[in-house]
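# Residue-level structure breakdown
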Amino acid sequence: MKLPFSRYWNLLVRYLRPQWRSVVVLGILLSVSITFQLINPQIMRWFIDAAMAGSETSVLTRLALLFIGIAFVQQALSVGATYLSENVGWIATNGLRSDLAQHCMQLDLSFHKGWTPGELIERIDGDITTLANFFTQFAIQLLGNGALLIGIVVALGLEDWRVAAGLTVWVVAAVVLLRRMQLVGVPLWAASRQASAELFGFLEERMAGTEDIRSSGATNYVMRRLFRFMDTLFQKTRRAELVTALLYNAGQSMFILASATGLGIGSYLYLQSSTTIGGVYLITYYIGLLTTPLERILRQIQDLQKASASIGRIEELSQTRSALVDGPGAAFPSGALAVEFDRVAFGYDPTQLVLNDLSLNLAPGAILGVLGRTGSGKTTLIRLLLRLYDSTAGIVRLGGVDVRDATLEQVRGQIGVVTQDVQLFRASVRDNLTFFNRSISDERILAAIEELGLGAWLRSLPNGLDTLLASGGGLSAGQAQLLAFARVLLKDPGVIILDEASSRLDLATERLIEQAIDRLLQGRTGIIIAHRLSTVERADQILIMEDGHIREYGPRSALVGDPASRFSHLLRTGLEEALA
């Protein structure tokens, strides 16, 4: 994996431009620090030569104090630069995390079915974490330490041109060697990052299913799989680390040779009376100092190996395009909305249709009851209405508007959904009800809670709306459903979808929320997906699906009065299991 320089540069510019003032200050701090690194050895040289010449104590004292003062200032600059660089790095990486997370949330459902949440977490957080140093130090350190290298060579040239010429050749050879070695590590780190993503994906899936795994006695099997994933990660990371260590040790060996060269050159010049003791110190110190910028450049190259692998994986994810194209925007009527499916066909696999030639028309304010076996296409119907997928053929209309002509935000803003699994967040009751929308007033929230019969529950909480709910909520099934109803009530959509919303409730609890459902559906179009026949008693129309086709569709009253209808047969026999 060899990324062109422009891709590094574009990423740096995009996320560092908003912080350009901080980046400029950071550059200034490093530049001044580099200048002091070049000045202080000159002061020490003057001190040594003055001491050898028997200069007055006051002269030596002033030189010593100047040396110490510059050293302290240099340390202060280093601390300031470290603080500023960390701040810049966190802001840049958090910006990249936000952009990548938002991009993933805008991708269609087919993308999320192909990636586990653990893999996405590793991409969005793990890969980006490796870029922290790339954002804060890479360009500045390369430029700064490059400038320090040039400064050292120039300073040594002023001392003796032969020293500068020899070291210039050595530096060029070192840089070329390190650059060639750097290219070896990038694909190894890419493999390591992929192994890490696969491990996190495995952990996320298995941790989510801990209860089922333990109850079915599959713990040992899961642990064996975990060991395999960890071993793969260990092997690939060890190989990448080994190559990185070889690179680092090669650089260290070159630094040792440079120091030995410095001592030899200094001794030779002193014996030839070409320099003083202070000059020997200066040459030796500068050649030793030469290892510092090279070592820092080497570290940046090591980090670049990891960054290159991460950048490639991040770009792969960020360049993934949704199969859904946002519409130009179309205004929906206010109030309850009509729902129409016009000869709609769809398949998750293009070669196998899940829905075939499906047509229905639901008037504004009417309620549709949808029945059918598991896998008959009931939930797919709702996904097409929400534009989580686009139909393969036919048109889905909402309020008379083709859903593809409206924006995704417009479509989903007009539809409220309550499913059998209510997702609760580790956040306050207020945030769980409003989905973190601060524009919804507490008065509206409290009114919705009272309207749906949750007032007593709220008053029992220690901090009311500010009470923190744990992940999963810790609520009964009935309370969770009512909380989901309150969410939808606050959203005030034109269409309400209840997708098996009461399938996990006992009959007593289900009766308690019937009143809440009536309130929720008042003045809105409703679609109720159910297994229980009692759940669709309030429906105006009945749709029975079978293998992606309409088995039966019509007004509920007409189907009840027709002894030959499938729905009437189910009511007479009570064979609800026929729909399971």
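Keep in mind that this is a model prediction, so the values were computed, not measured. (Residues numbered from 1 in each chain as written. Predicted model: local features only at pLDDT ≥ 70, side-chain atom pairs only at ≥ 80, totals over all residues. Heavy atoms only, no water.)

### Looking at the overall build of the chain
For the record, the criterion: Working definition: helices are DSSP H or I runs of at least four residues, strands are E runs of at least two. Numbering for both runs from the N terminus. The quantity called the radius of gyration is restricted to C-alpha atoms. Its globule counterpart is 2.2 Å times the number of residues to the power 0.38. Three labels apply to residues, based on accessible area from a 1.4 Å probe with only protein chains included: buried if under 20% of the type maximum, exposed if over 50%, partly exposed otherwise in between. Residue contacts are defined here by distance: any two heavy atoms, one from each residue, within 4.5 Å place the two residues in contact. Under the convention used here, Asp and Glu are negative, Lys and Arg are positive, and both His and the chain ends fall outside the count. Charged groups are reduced to one reference atom each: NZ for lysine, CZ for arginine, CG for aspartic acid, CD for glutamic acid.
Looking only at helices and strands, the chain features 19 helices and twelve strands. Its C-alpha radius of gyration of 35 Å places the chain more than 25% over the 25 Å reference for a compact globule of 580 residues. Along the longest, intermediate and shortest principal axes, the C-alpha atoms of the chain span 120 × 50 × 50 Å. With 580 residues in all, the chain has 46% of them scored as buried. Of the contacts formed within the chain by residues at least 6 apart in sequence, a portion of 77% connects residues at least 24 apart. Charge-centre separation for the chain: the mean point of 52 positive side chains lies 6 Å from the mean point of 53 negative side chains.

### A closer look at a nonpolar patch on the surface
For clarity, the cut-off: Patches here are clusters of residues that have more than 30% relative accessible area and form no salt bridge, with a 9 Å joining cutoff for like charges and a 5 Å cutoff for nonpolar side chains (Val, Leu, Ile, Met, Phe, Trp, Tyr). Reported accessibility uses the Shrake-Rupley method at a 1.4 Å probe radius. Residues are deemed covered only where the shown protein chains occlude them. Any Lys or Arg side-chain nitrogen located within 4 Å of an Asp or Glu carboxyl oxygen qualifies as a salt bridge.
On the surface, a cluster of nonpolar side chains totalling about 360 Å² of accessible area is made up of Trp 20, Val 24, Ile 28 and Val 32. Relative to the elements of secondary structure, Val 24 occurs in helix α2 (residues 20–52).

### A word on the pattern of salt bridges
Applying the stated criterion across every chain, the model contains 16 salt bridges. Of the charged contacts in the structure, one is a salt bridge between Asp 466 and Arg 430, with a shortest N-O distance of 2.5 Å. On the criterion of sequence distance, the pair formed by Asp 466 in the loop between α15 (455–459) and β8 (468–469) and Arg 430 in helix α13 (residues 429–434) is long-range, its members being 36 residues apart. Asp 466 sits in the partly exposed class, given a relative accessible area of 48%. Residue classification places Arg 430 among the buried residues on the basis of a relative accessible area of 17%. A salt bridge links Arg 459 to Glu 450; its shortest N-O distance comes to 2.7 Å. Among the ionic contacts, a cluster of salt bridges with common partners joins Glu 340, Asp 342 and Arg 397.

### Details of the packing of aromatic side chains
As a reminder, the rule being used: Only rings of Phe, Tyr and Trp enter the pairing, Trp through its six-membered ring, and a pair is recorded when the two centres are within 6.5 Å. The plane angle decides the type: under 30 degrees is stacked, over 60 is edge-to-face, the rest tilted.
Taken as a whole and judged by the stated rule, the model has four aromatic pairs. Here Phe 346 and Tyr 348 contribute two aromatic rings whose centre-to-centre distance is 4.9 Å and whose plane-to-plane angle is 85°, an arrangement assigned as edge-to-face. Residue Phe 346 is classed as buried on the basis of its relative accessible area of 4%. Both rings, one in Phe 346 and one in Tyr 389, keep their centres 5.3 Å apart while their planes meet at 50°; by these two values the pair is tilted. One end of the pair, Phe 346, is in strand β1 (residues 339–346); the other, Tyr 389, is in the loop between α11 (378–385) and β4 (393–398), with 43 residues separating them in the sequence.

### Points about the side chain of Ser 192
Structurally, Ser 192 is set in helix α7 (residues 161–208). What makes Ser 192 buried here is its relative accessible area of 4%. Those residues in contact with Ser 192, other than ones at most four positions away along the chain, are Leu 233, Lys 236 and Thr 237.

### Some points on helix α16 (residues 477–491)
Since the α-helix packs 3.6 residues into each turn, any two residues three or four apart lie on the same face. For clarity, the cut-off: Any helix carries an expected span of 1.5 Å times its number of residues minus one.
End to end, α16 covers 21 Å across 15 residues, agreeing with the expected 21 Å (1.5 Å per residue, within 8%). Every buried residue of α16 is accounted for by Gly 478, Ala 480, Gln 481, Leu 482, Leu 483, Ala 484, Phe 485, Ala 486, Arg 487, Val 488, Leu 489 and Leu 490. Two residues or fewer past α16, Asp 492 is found with a positive phi of approximately 55°.

### A word on the sheet that holds strand β12 (residues 549–555)
Here is the rule: Here, any two strands with at least 2 DSSP bridges between them count as paired. Lines fitted to C-alpha atoms define the axes, with helix axes restricted to the stretch in contact, and inter-axis angles between N-to-C directions lie between 0 and 180 degrees.
Read from one edge of the open sheet, six strands run β6-β9-β10-β3-β11-β12, paired in mixed fashion. What marks the edges here is a single partner per strand, and that holds for β6 (415–419) and β12. Averaged over neighbouring strand pairs, the angle between their axes works out to 15° when direction is ignored. As judged from the five bridges shared by strand β3 (residues 367–372) and strand β11 (residues 541–546), these two strands associate in the parallel manner. Considered in β11, the bridge of Leu 368 is made with Gln 541. Lying over the sheet, α16 contacts β6 and β9 (495–499), oriented at roughly 175° with respect to β6. Where helix α19 (residues 566–573) meets the sheet, it contacts β3, β11 and β12, and its direction lies at approximately 95° from that of β11.

### Comments concerning α19
Our working rule: Note: the arc covers the axis-to-C-beta directions of the helix.
Of all the residues in α19, the buried ones are Phe 567, Ser 568 and Leu 570. For α19, the buried positions fall inside an angular range of 160° around the axis, keeping them on one side. Packed against the buried residues of α19 are β3, β11, β12 and α18 (556–561).

### Focus on the sheet that holds strand β5 (residues 401–402)
The four strands lie next to each other as β2-β1-β4-β5, forming an open sheet whose pairing is antiparallel. Both edges of this open sheet fall to β2 (355–362) and β5, since each of them pairs with a single strand only. On the sheet, α11 packs against β1, β2 and β4 and is oriented at approximately 110° with respect to β1.

### Description of the environment of Ser 565
So the rule is basically this: N or O atoms closer than or at 3.5 Å make up a polar contact, with two conditions inside protein: a donor-capable atom paired with an acceptor-capable one, and, for residues adjacent in sequence, both atoms drawn from side chains.
Take Ser 565: it is sitting in the loop between α18 and α19. Here the alpha-carbon distance between Ser 565 and Tyr 553, two residues twelve residues apart in the chain, equals 9.7 Å. Of the polar contacts made by the side chain of Ser 565, one reaches the backbone oxygen of Leu 559; its length is 2.6 Å.

### A short note on unusual backbone geometry
Its identity as a non-glycine residue notwithstanding, Arg 387 has a phi of 60°, on the positive side. Within the secondary structure, Arg 387 sits in the loop between α11 and β4. Phi at Asp 547 is positive, roughly 55°, even though this residue is not glycine. By the element assignment, Asp 547 lies in the loop between β11 and β12.

Read these as spatial facts, not as claims about activity.
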